[in-house]
Amino acid sequence: MRPEPGPEHAERRRQFAEEARAEKPDLATLCLLVGAEGEAAPVGAGLDAAQAELDRLAGLLPYGLSGTRAWAAALAELLGARCGFHGTPVDYERLESSLLPAVLRRRRGLPILLSVVWIEVARRAGARVYGVALPGHFVVGFGDPGTAGEQVLADPFAAGRILTREETDRLPADRTGPSAGQAPGLLPAAAPAAPLDIVQRVLNNIRAWAAARPERTDVALWAVELSLLLPAHPARLRYDRAQLLVQRGEFLRGAAEMEEYARVVAAVEPATAEAIQRRARAARARLN
């Protein structure tokens, strides 16, 4: 059972909103704040300790690395082989697999969270590194994303294994196929994922985990509320939050938010707005 919201809860939300709206949002800070929300933990010492661990890991990389494949190999050796960061199918069943502080402790997680570890450690050491959202998977890219011959993709879920030519060839046709003579591990036009896009994907994964567990509306609710603090988010999230409030027995708050959302969509989707108004009336009726 999560404790009642208090000063620490408000501080986590404030810091998350502030960082999300920064000129250059810090990926590690945002993911650590998501983790603090998931663990209902204070943000001060815990966040600093996790940042210090990422710094420590970066300090273990060899000096003088050059070339995309050298960086990818060094990260795989350090994080995958020596430190044991990787994923397994069972990690998809665990909430902590989406919480960066827990991933740093357990050295297990979902592909996107393991990729965050790779990105943040490599970035601190001076690598040109970024996340890449492949169809159905998330990996790390090294090198110039606009130059096919200079980009290497590595899979942190598989302990940093470099993707081969054959694997990139099997990606859907909406991505440019490898050019003739391309070396293994290279994929043309694999665009970097922006930090806020990565954070939104992390929150979407958490919501999907909670959706499969109807008893965990508490998790679904805080994941939606953090998503609403991001500068750009689907308007539909407001309705999702209202539904969660109703499911949790907060009928008046849920109904009020449904009615507000109905007013927003009424101009473009009057039939949808009327259906939402009916649900709001039904929620209010449950108080009788």
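Keep in mind that what you see is a predicted model, and the values were worked out from it rather than measured. (Residues numbered from 1 in each chain as written. Predicted model: local features only at pLDDT ≥ 70, side-chain atom pairs only at ≥ 80, totals over all residues. Heavy atoms only, no water.)

A.B. asks: How should the overall build of the protein be read in this particular structure?
C.D. replies: Regarding its fold elements, the protein presents twelve helices and four strands. Roughly 13,600 Å² of accessible area belongs to the protein as shown, and the carbon and sulfur atoms make up 54% of that amount. (Helix = DSSP H or I, 4+ residues; strand = E, 2+ residues; numbered from the N terminus. Areas by Shrake-Rupley, 256 points an atom, 1.4 Å probe, with all protein chains shown as cover.)

A.B. asks: I would appreciate a short explanation of the pairing of strand 3 (residues 152-155) in the present structure.
C.D. replies: Burial of the side chains of strand 3 extends over both faces: Val152 and Ala154 are buried on one face and Leu153 and Asp155 on the other. When strand 2 (residues 137-142) meets strand 3, the two strands line up antiparallel, connected through three bridges. Its bridge partner being in strand 3, Phe142 is matched across the sheet by Val152. Strand direction decides the pairing type here: strand 3 and strand 4 (residues 161-162), joined by two bridges, are antiparallel. When the bridges of strand 4 are listed, Asp155 appears paired with Arg161. The hairpin formed by strand 3 and strand 4 contains five residues between the paired strands, and Ala159 there has a positive phi angle of roughly 65 degrees. (Buried < 20%, exposed > 50% of the residue type's maximum accessible area, 1.4 Å probe, protein only. Pairing = 2+ DSSP bridges.)

A.B. asks: Got a minute to help me understand the packing of aromatic side chains in this structure?
C.D. replies: Centre-to-centre distance and the angle between the planes together describe a pair of aromatic rings. By the definition in use, this model includes two aromatic pairs. Geometrically, the ring pair formed by Tyr239 and Tyr261 is stacked, given 5.7 Å between the ring centres and 20 degrees between the ring planes. Pair noted here: Tyr239 is in helix 10 (residues 236-247) and Tyr261 is in helix 11 (residues 251-265), with a separation of 22 residues, a long-range link. The two residues Tyr239 and Tyr261 agree in class, both being buried. (Phe/Tyr/Trp six-rings, centres within 6.5 Å; stacked < 30°, edge-to-face > 60°.)

A.B. asks: I would appreciate a short explanation of helix 2 (residues 27-38) in the present structure.
C.D. replies: Structural remark: α-helix, 3.6 residues per turn; residues separated by three or four positions point the same way. Along its twelve residues, helix 2 runs 17 Å from first to last C-alpha, staying within 8% of the 16 Å computed at 1.5 Å per residue. Taken across its twelve residues, helix 2 has eleven buried, putting it largely inside the fold. Looking at helix 2, one finds that the buried residues are Leu27, Ala28, Thr29, Leu30, Cys31, Leu32, Leu33, Val34, Gly35, Ala36 and Glu37. The N-cap of helix 2, judged by a side-chain oxygen 3.3 Å from the amide nitrogen of Ala28 a few residues on, is Asp26. At the C-terminal side of helix 2, Ala40 shows a positive phi close to 50 degrees. (Expected span 1.5 Å × (residues − 1). Polar contact = N/O pair within 3.5 Å; in protein donor to acceptor, adjacent residues only side chain to side chain.)

A.B. asks: Explanation requested: the pairing of strand 2 in the structure shown.
C.D. replies: Note on strand geometry: in a regular strand, side chains alternate between the two faces of the sheet. Judged by how many residues are buried, strand 2 sits mostly within the fold: five of six residues are covered. Both strand 1 (residues 129-134) and strand 2 contribute to a ladder of six bridges, which runs antiparallel. Directly across from Ala133, in strand 2, lies its bridge partner Phe138. Two successive antiparallel strands, strand 1 and strand 2, enclose a turn made up of two residues, where Gly136 displays a positive phi of approximately 75 degrees.

A.B. asks: Is there a simple way to explain the nonpolar core in this structure?
C.D. replies: In summary, soluble globular proteins display a tendency toward joint burial of nonpolar side chains. The biggest cluster of nonpolar side chains holds 67 residues, and the ones touching the most others in it are Phe142, Leu203 and Ile206. With nine residues, helix 6 (residues 111-124) is the largest single contributor of residues to this core. With sequence-adjacent residues up to four places away left out, Leu203 is seen in contact with Phe16, Val34, Trp222, Ala223, Leu226, Ser227 and Leu230. Ala242, Ala255, Tyr261 and Val265 belong to the second largest nonpolar core, which has 13 residues in total. (Core = buried A, V, L, I, M, F, W, Y, C linked by side-chain atoms within 4.5 Å. Contact = heavy atoms within 4.5 Å.)

A.B. asks: Which parts of the structure should I look at to understand the environment of Asn205?
C.D. replies: Here Asn205 lies in helix 8 (residues 195-211). Taking relative accessible area as the criterion, Asn205 reaches 31% and is therefore assigned partly exposed. Spatially, the C-alpha atoms of Asn205 and Leu95 are 9.2 Å apart, while their sequence positions differ by 110 residues.

A.B. asks: Is there a simple way to think about the side chain of Glu225 in this case?
C.D. replies: By the element assignment, Glu225 lies in helix 9 (residues 217-228). In this structure Glu225 comes out as buried when scored by relative accessible area, which is 15%. Ignoring any residue separated from it by four or fewer positions in sequence, one finds Glu225 in contact with Arg13 and Arg241.

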